[in-house]
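Observations on the model geometry
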Amino acid sequence: MIKKENYVKLKEKYGNIASWTIWDDDDISGSIWCSNDDELIKNIETKYVLVALNPHGDEDAEQSKEHDNILPWSQNFHTSANDRKLRDAVRGTSFERSYITDLFKRKPTNGEERLKKEINEDDEKKAVEELEKEIALISDKTILIALGDKVFNYLNKYLSGPYIIRKIRHFAYRFLDPKEYHDEIVDLTDRLEKKIIR
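Let's talk about the pattern of salt bridges
Under the definition given, this model contains 17 salt bridges. A salt bridge links D88 to R87, with the nearest nitrogen and oxygen atoms 3.0 Å apart. Overall, D88 belongs to the partly exposed group, its relative accessible area being 40%. Here R87 falls in the buried class, since its relative accessible area comes to 9%. Measuring nitrogen to oxygen at the nearest pair gives 2.9 Å for the salt bridge that ties E134 to K105. Taken as a pair, E134 in helix α6 (residues 121–136) and K105 in the loop between β3 (99–102) and α5 (112–118) lie far apart in primary sequence, 29 residues in all. Both residues of the pair, E134 and K105, belong to the buried class.

Describing the nonpolar core
One finds L10, W20, L40, W73, Y99, L103 and L155 to be the most contacted residues of the largest nonpolar core, which totals 37 residues. Where this core is concerned, the elements lending two or more residues are α1 (4–14), α2 (37–43), β2 (48–52), α6, β4 (143–147) and α7 (149–159). By residue number, the principal contributor to this core is α7, which donates five residues. Not counting residues up to four positions away in its chain, the partners in contact with Y99 are L10, Y14, A18, S19, W20, E45, Y48, V49, L50, W73, E134 and I138. Judged by nonpolar contacts, the second largest core, of 21 residues, contains I28, L86, L147 and I185.

The rules behind each value
Residues numbered from 1 in each chain as written. Predicted model: local features only at pLDDT ≥ 70, side-chain atom pairs only at ≥ 80, totals over all residues. Heavy atoms only, no water. Salt bridge = Lys/Arg side-chain N within 4 Å of Asp/Glu carboxyl O. Buried < 20%, exposed > 50% of the residue type's maximum accessible area, 1.4 Å probe, protein only. Helix = DSSP H or I, 4+ residues; strand = E, 2+ residues; numbered from the N terminus. Core = buried A, V, L, I, M, F, W, Y, C linked by side-chain atoms within 4.5 Å. Contact = heavy atoms within 4.5 Å.

Fair warning: the whole summary comes from geometry, so function is off the table for now.
Following this line, the structure appears as structure tokens:
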């Protein structure tokens with residue numbers, strides 16, 4: 001369980017740009033799940049942190065800012081049809097109720113290629129340093145789950161020493177089959193839980 005003081009710090013610093021893999025039953029963008037901090041602290045898991053590359057597009061970033069004034073946690077990962085794919089895939093697995101964030105959380109772009117053009121090695125290092133501070137508030141034994149190849153490569157480049165890093169496909173992958181995606185996550189979590197890590 002996360003320490004309450006760490007939860008408060010995490011929420012204050014990253015609540016506008018990160019979230020948890022918890023959703024209301026009937027509404028992908030509902031906020032009942034995060035309406036009570038004490039209940040949320042009891043329910044969240046700290047074993048895994050899911051890491052995506054960066055927020056999608058300036059428009060999504062602005063939308064998130066609007067929500068930040070109303071909700072205690074960002075609606076990032078809680079608005080689109082693709083987010084619904086993620087919700088359905090992690091439900092019933094060990095990734096459910098985990099922290100989810102972006103590596104380049106302050107660099108929203110429309111596409112990975114545009115991000116690549118906008119960042120340099122200093123940006124990479126700053127993003128990784130910030131992620132480590134974020135993770136430190138959750139647990140010192142967290143396993144990082146990269147959402148896609150690009151972020152997996154960055155995490156491996158900088159964090160393969162102190163952390164176990166594994167990857168799953170990004171939930172926005174165009175040809176993603178929902179059942180296959182869920183099975184992929186189940187297979188990985190089973191191996192991680194059994195410590196048969198390949």
